[in-house]
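A closer look at the structure
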Amino acid sequence: MTHSALVETRFPTPVAMGLSRPSPHSSSGETICSTDVDVERKDALPTQEIEYLYLELETPLPTPQITLPPGPNQSPAPECPDMKQYISPFLWPKWRKTMMTWISCGVTALAGYSAGEVSPASTELTAKWGISGVVYNLSITIFCIGFALAPMVLAPFSELNGRRPIFVVSGVVFTGM
């Protein structure tokens, strides 16, 4: 017993569920597939429900089946990339060492400057806002407390996720404020 099918369906599609009709034409009107394929019913694959898996801490991960040496139908494992030039700063070119030194010095200078950048305007702003100098300097105190406590909070996070996310987010927050 044979039947005519346009597409061999492995998973339920809107067409298989009766929601829409297949069109052999694209949206521009040109023909995509005009021939029918005769498929025997015993060769047709059964439809399956799609199973959505969400990655959680308890999700068991499949183990890749890699054999050494690779089997007859397996491609060999890719070569390890040469990361030697990125591992040690001693192997960096001189221009990169110079650039990294200037960036580090600039960021360190900005961090020190930003702690006290509001101090010169304290006389005018305390008079305008009607607050005492102690309340005005509270912003410097809070900044210094955050400057002291942030490494204790961010250090464990950076050990788990790497330094780059911490530097990028800290840079964005520092620039935005």
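Below: a short report on this structure. (Residues numbered from 1 in each chain as written. Predicted model: local features only at pLDDT ≥ 70, side-chain atom pairs only at ≥ 80, totals over all residues. Heavy atoms only, no water.)

1. Quick word on the side chain of Ser158
Relative to the elements of secondary structure, Ser158 occurs in helix H5 (residues 138–161). Take Ser158: its relative accessible area is 8%, and that puts it in the buried class. Among residues more than four places away in sequence, those in contact with Ser158 are Arg163 and Ile166. (Helix = DSSP H or I, 4+ residues; strand = E, 2+ residues; numbered from the N terminus. Buried < 20%, exposed > 50% of the residue type's maximum accessible area, 1.4 Å probe, protein only. Contact = heavy atoms within 4.5 Å.)

2. Some details on the pattern of salt bridges
Applying the stated criterion across every chain yields a total of 1 salt bridge. In this structure, Arg163 and Glu159 form a salt bridge, with 3.0 Å as the shortest nitrogen-oxygen distance. Residue Glu159 is classed as exposed on the basis of its relative accessible area of 57%. (Salt bridge = Lys/Arg side-chain N within 4 Å of Asp/Glu carboxyl O.)

3. With respect to a nonpolar patch on the surface
On the surface, Trp95, Met99, Met100, Ile103 and Val107 cluster together into a nonpolar patch covering about 490 Å² of accessible area. Turning to its location among the elements, Val107 is positioned in helix H2 (residues 94–116). We classify Val107 as exposed; its relative accessible area is 52%. (Patch = residues over 30% accessible without salt bridge, like charges linked within 9 Å, V, L, I, M, F, W, Y side chains within 5 Å. Areas by Shrake-Rupley, 256 points an atom, 1.4 Å probe, with all protein chains shown as cover.)

4. Quick look at the packing of H5 against helix H6 (residues 163–176)
As a packed pair, H5 and H6 sit with axes 7 Å apart at the nearest point and diverge in direction by 130°. With respect to H6, the axis of H5 lies oblique. Residue-level inspection shows Leu154, Phe157, Ser158, Glu159 and Asn161 of H5 in contact with H6, the latter providing Arg163, Pro165, Ile166 and Ser170. Residues belonging to the contact of H5 with H6 are distributed by class as follows: 4 nonpolar, 3 polar and 2 charged. (Axes fitted to C-alpha atoms, helices over the stretch in contact; angles between N-to-C directions. Parallel < 35°, antiparallel > 145°, perpendicular 65-115°, else oblique. Nonpolar A, V, L, I, M, F, W, Y, C, P; charged D, E, K, R; others polar.)

Function-wise, these values are silent; they only describe arrangement.
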